[in-house]
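The primary structure of each chain is shown beneath.
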Amino acid sequence: MKIIILPDAHSVCGLAADIIAQTIRQKPEAVLGLATGRTMEAIYAGLCERHRTGQVDVASITSFNLDEYVGLPKNHPQSYRHYMREKLFDSVGVPEIRGHVPCGDALNPDQEAASYDQAIAEAGGIDLQLLGLGGNGHIGFNEPLSGFRTRTRVVALAEATLAQNSGMFEGDPDQVPKCAITMGVGTILEAKSILLVATGAAKAEAVAGSIEGPLSSVVPGSAVQMHQECLVLLDEQAASGLKRRASIEWQMKHDPELSHLIGQYCS
Ligand code: GLP
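Residues numbered from 1 in each chain as written. Predicted model: local features only at pLDDT ≥ 70, side-chain atom pairs only at ≥ 80, totals over all residues. Heavy atoms only, no water.

J.: Would you explain the pattern of salt bridges in this entry?
T.: A side chain of one charge can pair with a side chain of the opposite charge when the charged atoms of the two come close. Applying the stated rule across the entire model yields 14 salt bridges. For aspartate 127, the salt bridge identified is with lysine 192, shortest N-O distance 3.3 Å. You can see aspartate 127 sitting in the loop between helix 4 (109–122) and strand 6 (128–131) and its partner lysine 192 sitting in the loop between helix 6 (185–189) and strand 9 (193–198), a full 65 residues away along the chain. Put simply, glutamate 249 and arginine 245 hold a salt bridge, and the shortest N to O gap is 2.9 Å. Of this pair, glutamate 249 and arginine 245 both sit in helix 8 (residues 245–254), separated by four residues, roughly a single helical turn. Owing to a relative accessible area of 22%, arginine 245 belongs among the partly exposed residues under this scheme. By sharing partners, the salt bridges in this structure join Lys2, Asp255 and Glu257 into a single network. (Salt bridge = Lys/Arg side-chain N within 4 Å of Asp/Glu carboxyl O. Helix = DSSP H or I, 4+ residues; strand = E, 2+ residues; numbered from the N terminus. Buried < 20%, exposed > 50% of the residue type's maximum accessible area, 1.4 Å probe, protein only.)

So, in structure tokens, the structure goes:
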């Protein structure tokens, strides 16, 4: 696991967009694992901007989103399918057939989940998985106590997540669907590389648990410690709970890959 800490969320999201754009330039038909949430909005805006100005052509990617609320039809304004169309797919021309999001209103959600894993495998696996982090340490909708070998499946959302995501549902946790289909932790760990992005003080505890805590299903984000190609991007606020800053800063300075990436954002 490699870690980069930048001064603010703006720089973090800019670097994340650059890394994704570079992946697509190297492999225009890359298979991306995509995430939703507020953190991702600036990243997708950055990617759309790079597409619009001809720095990268995003149209040929195939993507698999991490999760979707059970019960929401795809045109529902709070569905993650709708989010992805609005924030990325429609602007860069990714058609529905290649921009996969679990079908929240599938007649058989368990079957939908199993087919999703199969579709990822048939696409050749995920080249780069973008991940956010829930305030309770969840990745996708893998809530605390999600096993590290779990597959895409139907899960119940934690109280903390209902509260965290209620902002999208008129601030009312009761309106947030109680279940979701999420890629499993095991599914996520099969990606060839992972880019985990967290910004803001509300993520500090989850970040510390994921990076410095013991491997534990209580903090599903800690599973990324086991991945060979995982890059974590943090702003100062999200990094504020870390206790081992010195070794992170040493790595940022001496790892050629990291110092190259950081160069343009910290002058
Ligand atoms: C939702 C998504 C997660 C995401 C999290 C963080 O719960 N299912 O994949 O990481 O939100 O959201 P935000 O970036 O809004 O804090």
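Now that the structure has been shown, the text picks up again.
J.: So what exactly am I meant to see when it comes to the site of the ligand here?
T.: Close to the ligand lie 14 residues; Arg38, Thr39, Asp67, His138 and Lys203 are nearest. Within the backbone of leucine 133, an N or O atom sits 3.3 Å from an oxygen atom of the ligand. Histidine 138 is positioned such that a nitrogen or oxygen atom in its side chain is 3.0 Å from an oxygen atom of the ligand. Across the shell around the ligand, the residue classes break down as three nonpolar, eight polar and three charged. (Near = heavy atom within 4 Å. Polar contact = N/O pair within 3.5 Å; in protein donor to acceptor, adjacent residues only side chain to side chain. Nonpolar A, V, L, I, M, F, W, Y, C, P; charged D, E, K, R; others polar.)

J.: In this structure, what is going on with the UniProt feature "domain: Glucosamine/galactosamine-6-phosphate isomerase" (unreviewed entry) in the protein chain? I would like to understand it.
T.: Within the UniProt annotation, "domain: Glucosamine/galactosamine-6-phosphate isomerase" (unreviewed entry) is assigned to residues 10–230. This span, residues 10–230, is 35% helix and 14% strand, and a straight line between its end C-alpha atoms measures 21 Å. (UniProt positions renumbered as here; feature names shortened; annotations may be inferred.)

J.: Where do I start with helix 2 (residues 38–52) in this structure?
T.: If you check helix 2, its first and last C-alpha atoms are 22 Å apart, about what 15 residues at 1.5 Å a residue would give, namely 21 Å. When helix 2 is considered as a whole, its buried residues turn out to be Thr39, Met40, Ile43, Tyr44, Gly46, Leu47, Cys48, Arg50 and His51. Two residues or fewer after helix 2 comes glycine 54, characterised by a positive phi angle close to 80°. (Expected span 1.5 Å × (residues − 1).)

J.: Which parts of the structure should I look at to understand the sheet that holds strand 7 (residues 153–156)?
T.: Within a beta sheet, neighbouring strands are joined by backbone hydrogen bonds and run either parallel or antiparallel to one another. Read across the open sheet, the three strands follow the order 4-8-7; overall the sheet is antiparallel. Edge positions in the sheet fall to strand 4 (67–69) and strand 7, since each of these pairs with one other strand and no more. Pairs of neighbouring strands in the sheet enclose a mean axial angle of 30°, with direction left out of account. Pairing of strand 4 with strand 8 (residues 179–182) involves three bridges; the strand directions are antiparallel. (Pairing = 2+ DSSP bridges. Axes fitted to C-alpha atoms, helices over the stretch in contact; angles between N-to-C directions.)

J.: Honestly, the sheet that holds strand 2 (residues 31–34) in this entry has me stumped. Any pointers?
T.: Strand order in the open sheet formed by seven strands is 1-10-9-6-2-3-5, and the pairing between neighbours is parallel. Each end of this open sheet is capped by a strand with a single partner; those strands are strand 1 (2–6) and strand 5 (99–100). Inspection of the sheet shows strand 3 (residues 62–65) paired to strand 5 by two bridges, in the parallel sense. The residue bridging serine 63 from the neighbouring strand is glycine 99, located in strand 5. Each of strand 2, strand 6 and strand 9 touches helix 2; the most contacted strand, strand 6, lies at about 130° to it. (Contact = heavy atoms within 4.5 Å.)

J.: What is the right way to read the packing of aromatic side chains from this model?
T.: A ring pair, where both rings are aromatic, is described by two values, the distance of the centres and the angle of the planes. Within this structure, the stated rule accounts for seven aromatic pairs. Plain terms: the ring middles of tyrosine 44 and tyrosine 83 are 6.4 Å apart, the flat faces sit at 75° to each other, and that makes the pair edge-to-face. Taken together, the positions of tyrosine 44 in helix 2 and tyrosine 83 in helix 3 (residues 80–92) put the pair 39 residues apart, joining distant regions of the chain. According to the relative accessible area criterion, tyrosine 44 is buried, its value standing at 0%. Here tyrosine 80 and phenylalanine 141 contribute two aromatic rings whose centre-to-centre distance is 6.0 Å and whose plane-to-plane angle is 15°, an arrangement assigned as stacked. (Phe/Tyr/Trp six-rings, centres within 6.5 Å; stacked < 30°, edge-to-face > 60°.)

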